[in-house]
Amino acid sequence: KDLAFLIDEVKKNFNCDIQELTLEMNPDDMEDSYLQDLKSIGINRLSIGIQSFDDKVLSFMNRAHNANEAINCVDRGGAAGINNISIDLIYGIPNVTKEYWKDTVQKALSLGVQHISAYCLTIEENTAFSQMVKKGVFKTIPEERELEQFEYLNEELIKNDIYRYEVSNFSKDGFESKHNSAYWSKKKYLGVGASAHSYDGESRKWNVSHNRKYLKLIAENETYFESETLSKEDVFNETLLTGLRTKKGVSLNDLDQ
């Protein structure tokens, strides 16, 4: 109901032609009746946080789903009539064999998805993982191994007509994410809700990230976001850096403009 209300309000209040409506999900959220409801309110693309098909690795990453749910979730989405599906995978995981990553890639391909996002495991400061590394619970793997895994993924996806169009994203022809591609091509976007970001071509704003504070400020008609106006230098640098994330690169003519 909340999603249906949100989508309806967007359509009523903004002049936008919604061609692609993506919902991010985890495999353990994907009940058949819920998926059918999502399809009925216009969701036509799913982005599923699978990460791994191995129970030990999922447990290590503190994921709520198991390997069976990871394997079955794509079929469930398709059965509900949602046939544009992306999955997330993580490589660079410590304490796994070479065969583990090969098996992960082949299982992902066997699902027949249209889009794959693959991210290298990054250990951020002040997280549970960073504390485990400091205590010697595990070591991060060498960059050479990370590169090896990435290259294997890229080669196998190419064999299956799935091509990299951005640093971490691969898709079949015509299934590139419209939402994410808008960021990299400097299009305007609107973010609704706590911590959401918006961009109008000249300035960027970001909402308060604390849910309760966000709601309180709105209820009291107070400013609930911070903002910045981009300088010409900012716009130039962002055009360059976001463009270089993609296979299209950056047009020198656009930079001149």
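Every value quoted in this text rests on a predicted model; they were computed, and no experiment measured them.

(A) Structural context of the packing of aromatic side chains. Counted by the stated rule, this structure contains 8 aromatic pairs. For the ring pair Tyr-183 and Tyr-189, a centre distance of 4.6 Å and an interplane angle of 80 degrees mean the geometry is edge-to-face. Overall, Tyr-183 belongs to the partly exposed group, its relative accessible area being 33%. Relative to Tyr-199, the ring of Tyr-189 has its centre 5.8 Å away and its plane inclined at 35 degrees; by these criteria the two rings are tilted. Pair noted here: Tyr-189 is in the loop between α8 (178-184) and β7 (197-199) and Tyr-199 is in strand β7, with a separation of 10 residues, a long-range link. For Tyr-189, a relative accessible area of 22% translates into the label partly exposed. Residue classification places Tyr-199 among the buried residues on the basis of a relative accessible area of 5%. Put simply, the rings of Tyr-91, Trp-101, Phe-150 and Phe-170 pair up and form one aromatic cluster.

(B) Local environment of the side chain of Arg-204. Residue placement: Arg-204 occurs in strand β8 (residues 203-207). A relative accessible area of 13% means that Arg-204 is categorised as buried. At 2.8 Å, the side chain of Arg-204 forms a polar contact with the side chain of Glu-238. With residues near it in sequence (within four places) discarded, Arg-204 still touches Tyr-189, His-197, Ser-198, Tyr-199, Glu-226, Ser-227, Glu-228, Leu-230 and Glu-238.

(C) Structural context of the nonpolar core. With 44 residues, the main nonpolar core has Leu-46, Ile-48, Ile-50, Val-74, Ile-87, Leu-89 and Trp-101 as its most contacted residues. Contributing elements (two or more residues each) for this core: β1 (22-25), α2 (32-40), β2 (45-51), α4 (67-79), β3 (85-91), α5 (98-110), β4 (115-120) and α7 (143-159). When near neighbours in sequence (up to four residues on either side) are disregarded, Val-74 contacts Ile-48, Ile-85, Ile-87, Leu-111 and Val-113.

(D) Expanded view of the sheet that holds β7. Within the open sheet, the 3 strands sit side by side as β7-β8-β9. Their pairing is antiparallel. Looking along the sheet, the strands with just one partner apiece sit at the ends: β7 and β9 (225-229). Pairs of neighbouring strands in the sheet enclose a mean axial angle of 15 degrees, with direction left out of account. When β7 meets β8, the two strands line up antiparallel, connected through 3 bridges. Of the residues in β8, the one forming a bridge with His-197 is Trp-206.

(E) Spatial organisation of the environment of Ile-50. Among the structural elements, Ile-50 can be located in strand β2. Among the residues examined, Ile-50 registers a relative accessible area of 0% and is labelled buried. Spatially, the C-alpha atoms of Ile-50 and Met-25 are 9.0 Å apart, while their sequence positions differ by 25 residues. When sequence neighbours within four positions are dropped, the list of residues in contact with Ile-50 reads Pro-27, Leu-58, His-65, Ala-70, Cys-73, Ile-87, Asp-88, Leu-89 and Leu-111.

Conventions and cut-offs
- Residues numbered from 1 in each chain as written.
- Predicted model: local features only at pLDDT ≥ 70, side-chain atom pairs only at ≥ 80, totals over all residues.
- Heavy atoms only, no water.
- Phe/Tyr/Trp six-rings, centres within 6.5 Å; stacked < 30°, edge-to-face > 60°.
- Buried < 20%, exposed > 50% of the residue type's maximum accessible area, 1.4 Å probe, protein only.
- Helix = DSSP H or I, 4+ residues; strand = E, 2+ residues; numbered from the N terminus.
- Polar contact = N/O pair within 3.5 Å; in protein donor to acceptor, adjacent residues only side chain to side chain.
- Contact = heavy atoms within 4.5 Å.
- Core = buried A, V, L, I, M, F, W, Y, C linked by side-chain atoms within 4.5 Å.
- Pairing = 2+ DSSP bridges.
- Axes fitted to C-alpha atoms, helices over the stretch in contact; angles between N-to-C directions.

By themselves these figures say nothing about function.
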